[in-house]
Amino acid sequence: MLYVIIGRDVPNSLERRRAARPAHLARLKALLEEGRLFVAGPMPAIDSSDPGPAGFTGSVIMAEFASLEAARAWADADPYQAAGVYASVEVSPYNKVLP
């Protein structure tokens with residue numbers, strides 16, 4: 001089943017985000033190679049694809065996991081969690097309807 005993971009950044013997390021990004025992306029690439037990643041990306045703090053020093057407010061990941069517990073465990077192990085980038089993380093089942 002698909003699950004959506006929404007991580008909300010702590011204020012002023014840009015430097016921590018940059019430092020943890022390579023490890024974060026490596027985990028996402030592993031999901032992609034397994035054919036389990038639907039979509040992933042950051043949420044810019046301003047209306048721009050490159051927010052510069054304004055940074056980001058969080059991240060959205062949609063991926064396939066065996067269960068809600070497996071999705072939560074994956075999210076809990078995210079390098080952004082360990083680096084203190086996220087203030088909170090929400091994991092929910094997701095049903096794709098369109099397209």
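Structure first, text after, so check above.
What you are looking at is a predicted structure, and each value in this text was computed from that prediction instead of being measured. Note that residues are indexed from 1 along each chain, following the sequence as it is written. Local features in a predicted model are, by the rule used here, given only for residues with pLDDT of at least 70; side-chain atom pairs are given and counted only at 80 or more, and totals for whole chains, interfaces and linings are based on all residues. The basis for the side-chain values is all heavy atoms of the structure; hydrogens and waters are excluded.

Novice: I would appreciate a short explanation of the nonpolar core in the present structure.
Specialist: Nonpolar side chains in soluble globular proteins tend to be buried together. Put simply, buried Ala, Val, Leu, Ile, Met, Phe, Trp, Tyr and Cys residues joined by side-chain atoms within 4.5 Å make one nonpolar core. Each residue gets one of three labels from its accessible area relative to the maximum for its type: buried under 20%, exposed over 50%, partly exposed in between, using a 1.4 Å probe on protein chains only. With eleven residues, the main nonpolar core is built from Tyr3, Ile5, Leu28, Leu31, Ile61, Ala63, Phe65, Ala71, Trp74, Ala75 and Val91. Secondary structure elements are taken from DSSP: a helix is a run of H or I of four residues or more, a strand is a run of E of two residues or more, and numbering for both begins at the N terminus. Counting only elements with at least two residues in this core, the list comes to strand E1 (2-9), helix H1 (14-33), strand E3 (56-64) and helix H2 (68-76). No other element matches the three residues that H2 contributes to this core. The contact criterion used throughout is that any non-hydrogen atoms of two residues lie within 4.5 Å. If we ignore the near neighbours within four places in the chain, the residues touching Leu28 are Leu37, Ala40, Ile61 and Trp74.

Novice: So what exactly am I meant to see when it comes to unusual backbone geometry here?
Specialist: Note on backbone geometry: most residues besides glycine have negative phi, and most peptide bonds are trans. The amide bond that connects Leu98 to the next residue, Pro99, takes the cis arrangement and shows omega of -15 degrees. Its place among the elements puts Pro99 in the segment after strand E4 (86-94). Backbone geometry places Asn12, a non-glycine residue, at a positive phi of 55 degrees. Within the secondary structure layout, Asn12 lies in the loop between E1 and H1.

Novice: Whenever I open this one, the pattern of salt bridges confuses me. Can you help?
Specialist: Between side chains of opposite charge, a pair can form as their charged atoms come close. A pairing counts as a salt bridge when a side-chain nitrogen of Lys or Arg comes within 4 Å of a carboxyl oxygen of Asp or Glu. Here the structure, examined in full by the defined rule, presents four salt bridges. Residue Glu34 pairs with Arg36 through a salt bridge whose shortest N-O separation is 2.5 Å. The partly exposed category is assigned to Arg36, whose relative accessible area is 26%.

Novice: Please explain the environment of Tyr94 as it appears in this structure.
Specialist: Considering the arrangement of structural elements, one finds Tyr94 in strand E4. By relative accessible area, Tyr94 is classed as partly exposed at 27%. Along the backbone, Tyr94 and Tyr3 are 91 residues apart, and their C-alpha atoms lie at a distance of 4.9 Å. For Tyr94, the contacting residues outside a window of four places in its chain are Met1, Leu2, Tyr3, Val4 and Met62.

Novice: In this structure, what is going on with the layout of surface pockets? I would like to understand it.
Specialist: Here the largest pocket defines a volume of roughly 230 Å³. In the cavity and pocket records, a cavity denotes points on a 1 Å grid over the protein atoms alone where a 1.4 Å probe fits but cannot get out, a pocket denotes an open set with protein on both sides within 12 Å along at least 5 of 7 lines, and lining residues are residues with an atom within 4 Å of a point. If you trace the largest pocket, you find 15 residues lining it, with Arg17, Arg21, Leu25, Pro42 and Tyr80 closest to the centre. Elements represented by at least two residues in the lining of the largest pocket include exactly H1, strand E2 (37-44) and E3. It is H1 that contributes the most residues to the lining of the largest pocket, seven residues altogether. Grid points are joined across faces, edges and corners, and a volume is the space filled by probe spheres set on the points.

Remember, this is a structural readout, not a statement about activity or role.
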